[in-house]
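Chain by chain, the residues:
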Amino acid sequence: MKKILFAIGLILPTLFFAQQTEKDSKCDLPANYQEPKPDKKIQSKLKRGDATIEDLRKHIAVENDCDVKEVVFLIFTEQLGNGMYSVCVKGKEMKYKRMGTVFMKNESNPFDTASK
């Protein structure tokens, strides 16, 4: 009897936690959320090719038909040649990437010519 109760006590919580999924959106930001600050040296060099954080913010706002203030950066990593960005747009999390001075959604493949 002890073994059965022990097994039930071990299995039920495991099944309960296995059924819980992470929230679909990380965009439930607190009121005092501050965006991460970009590296000034990288941004000054990217300014020449219109590839700064603010240029990406404008690009995302136009692409998603929203105001620039609705685009909030969650996390990003940048280098001169590329960058990965996680943003919150109108309550939905999206991921973008930069290759050189070109911005695109993370899922898109610029070299895929079969779908065009």
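For the structure given in this document, a descriptive report is provided here. Note that this is a predicted model, so its numbers are computed, not measured. (Residues numbered from 1 in each chain as written. Predicted model: local features only at pLDDT ≥ 70, side-chain atom pairs only at ≥ 80, totals over all residues. Heavy atoms only, no water.)

## A look at the nonpolar core
Counting 17 residues, the largest nonpolar core has Leu56, Ile60, Phe73, Tyr85, Val87, Val89 and Tyr96 as its most contacted members. Elements supplying a minimum of two residues to this core: helix H2 (40-46), helix H3 (53-63), strand S1 (71-78), strand S2 (82-89) and strand S3 (92-99). Top contributing element to this core by residue count: H3, with 4 residues. When neighbours within four sequence positions are excluded, valine 89 is seen to be in contact with Ile60, Asn64, Cys66, Glu70 and Met94. (Core = buried A, V, L, I, M, F, W, Y, C linked by side-chain atoms within 4.5 Å. Buried < 20%, exposed > 50% of the residue type's maximum accessible area, 1.4 Å probe, protein only. Helix = DSSP H or I, 4+ residues; strand = E, 2+ residues; numbered from the N terminus. Contact = heavy atoms within 4.5 Å.)

## Things to note about H3
Burial in H3 covers these residues: Ile53, Leu56, Arg57, Ile60 and Ala61. Seen from one end, H3 has its buried residues packed into an arc of 135°, which puts them on one side. Among the structural elements, H2, S1, S2, S3 and strand S4 (102-105) are those in contact with the buried residues of H3. Downstream of H3 by one or two residues, aspartate 65 has phi in the positive range, about 55°. (Arc of directions from axis to C-beta.)

## A short note on the environment of tyrosine 33
For tyrosine 33, the location among the structural elements is in the loop between helix H1 (2-19) and H2. When its relative accessible area of 29% is taken as the criterion, tyrosine 33 is described as partly exposed. Between the C-alpha atoms of tyrosine 33 and valine 72, which are 39 residues apart in sequence, the distance is 9.6 Å.

## Quick look at the side chain of glutamate 78
The residue glutamate 78 is located in strand S1 in this model. This buried residue, glutamate 78, is left without a salt bridge; arginine 98 holds the nearest opposite charge, at 4.1 Å. A distance of 2.8 Å separates a polar atom in the side chain of glutamate 78 from a polar atom in the side chain of glutamine 43. A polar atom in the side chain of glutamate 78 sits 2.7 Å from the side chain of tyrosine 85. Discounting residues that sit within four places of it in the chain, glutamate 78 has contacts with Pro38, Ile42, Gln43, Leu46, Ile53, Gly83, Tyr85 and Arg98. (Lys, Arg positive; Asp, Glu negative; His and termini not counted. Salt bridge = Lys/Arg side-chain N within 4 Å of Asp/Glu carboxyl O. Polar contact = N/O pair within 3.5 Å; in protein donor to acceptor, adjacent residues only side chain to side chain.)

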